[in-house]
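# Close look at the chain arrangement
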Amino acid sequence: QVQLVESGGGLVQAGGSLRLSCAASGRTFSRNAMGWFRQAPGKEREFVAAITWGSDDTRYADSVKGRFTISRDNAKNTVYLQMNSLKPEDTAVYSCAARPGYSLGSTRFEYDYWGQGTQVTVSS
């Protein structure tokens with residue numbers, strides 16, 4: 001079992017930056033690939049980024065590539081999402097998720113554990 005709690009969301013102007021954190025509890029955090037997803041009002045949850053447990057591979061949605069960076073610190077049981085050059089269309093609830101095993105996943109069906117999410121609002 002892995003429990004996940006996100007933090008770091010808030011209101012930011014377009015062009016600004018935010019850093020999201022996802023704190024995990026459970027002994028097997030380091031054996032999970034981790035991902036970030038987001039859901040805007042009236043839209044389905046969509047993939048944002050993912051990272052392997054060894055941080056040797058990452059994957060990003062095209063819409064955030066070059067602006068967002070996912071990273072993790074297994075010693076702190078935490079995964080991060082650094083978001084730069086934010087746009088109003090990035091406004092959503094951002095959730096982290098854990099996927100047991102090594103390989104990356106880019107669909108919500110591939111992840112077993114989810115946090116409650118943190119709101120990110122980007123004003124124009």
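Before reading on, note that the structure itself is shown above.
Quick summary incoming for the structure in this document.

## Some thoughts on the overall build of the protein chain
When its secondary structure is counted, the protein chain shows zero helices and eleven strands. Order of helices (α) and strands (β) in the protein chain, N terminus to C terminus: β-β-β-β-β-β-β-β-β-β-β. Relative to the globule expectation of 14 Å for 124 residues, the C-alpha radius of gyration of the protein chain, 13 Å, shows essentially globular dimensions. Along the first, second and third principal axes, the C-alpha set of the protein chain runs to 40 × 25 × 25 Å. By the burial criterion, 43% of the 124 residues in the protein chain qualify as buried.

## Thoughts on the environment of Ser 55
As for its position among the elements, Ser 55 is in the loop between strand 5 (46-51) and strand 6 (58-60). Its relative accessible area of 36% is what places Ser 55 among the partly exposed residues. Residues Ser 55 and Asp 112, 57 residues apart in the sequence, show an inter-C-alpha distance of 19 Å.

## Some remarks on the state of the cysteines
With the rule as written, the count across this model stands at one disulfide. Disulfide pairing places Cys 22 opposite Cys 96 at an S-S distance of 1.9 Å. Residues Cys 22 and Cys 96 share a disulfide whose torsion about the S-S bond is about 50°; that sign makes it right-handed. Of the two residues, Cys 22 is situated in strand 3 (residues 18-25) and Cys 96 in strand 9 (residues 92-100); the sequence distance between them amounts to 74 residues. For the residue pair Cys 22 and Cys 96, the accessibility class agrees, reading buried in each case.

## Observations regarding unusual backbone geometry
The phi torsion of most residues other than glycine is negative, and most of the peptide bonds are trans. The backbone phi angle of Ser 55 is positive, close to 60°, even though this residue is not glycine. The backbone of Ser 85 shows a phi angle near 50°, a positive value even though the residue is not glycine. Turning to its location among the elements, Ser 85 is positioned in the loop between strand 8 (78-83) and strand 9.

## Some details on the sheet that holds strand 3
Ordered by their spatial adjacency, four strands build an open sheet running 1-3-8-7, and the pairing between neighbours is antiparallel. This sheet does not close on itself; its edge strands, each paired only once, are strand 1 (3-7) and strand 7 (68-73). Across the sheet, the axes of successive neighbouring strands diverge by a mean angle of 15°, strand direction being ignored. By the bridge criterion, five bridges tie strand 1 to strand 3 in an arrangement that is antiparallel. Bridge pairing links Val 5 to Ala 23 in strand 3.

## Focus on the environment of Arg 108
The topology assignment puts Arg 108 in the loop between strand 9 and strand 10 (113-114). It is 16 Å that separates the C-alpha atoms of Arg 108 and Thr 58, two residues lying 50 residues apart in sequence. Once residues within four sequence positions are removed from consideration, Arg 108 is found in contact with Phe 37, Glu 44, Arg 45 and Trp 114.

## Looking at the nonpolar core
Ranked by size, the top nonpolar core spans 34 residues in total, and within it Trp 36, Leu 81, Met 83 and Tyr 94 carry the most contacts. When contributions to this core are tallied by element, the ones reaching two or more residues are strand 3, strand 4 (32-39), strand 5, strand 7, strand 8, strand 9 and strand 11 (118-123). With residues up to four places along the chain from it excluded, the contact list for Tyr 94 reads Glu 6, Leu 20, Trp 36, Phe 37, Arg 38, Val 48, Phe 68, Leu 81, Met 83, Gly 117, Thr 118 and Val 120.

Here is what the cut-offs are and how they apply
- Residues numbered from 1 in each chain as written.
- Predicted model: local features only at pLDDT ≥ 70, side-chain atom pairs only at ≥ 80, totals over all residues.
- Heavy atoms only, no water.
- Helix = DSSP H or I, 4+ residues; strand = E, 2+ residues; numbered from the N terminus.
- Rg over C-alpha atoms; globule rule 2.2 N^0.38 Å.
- Buried < 20%, exposed > 50% of the residue type's maximum accessible area, 1.4 Å probe, protein only.
- Disulfide = S-S within 2.5 Å.
- Pairing = 2+ DSSP bridges.
- Axes fitted to C-alpha atoms, helices over the stretch in contact; angles between N-to-C directions.
- Contact = heavy atoms within 4.5 Å.
- Core = buried A, V, L, I, M, F, W, Y, C linked by side-chain atoms within 4.5 Å.

Function cannot be inferred from these measures alone, as they are strictly geometric.
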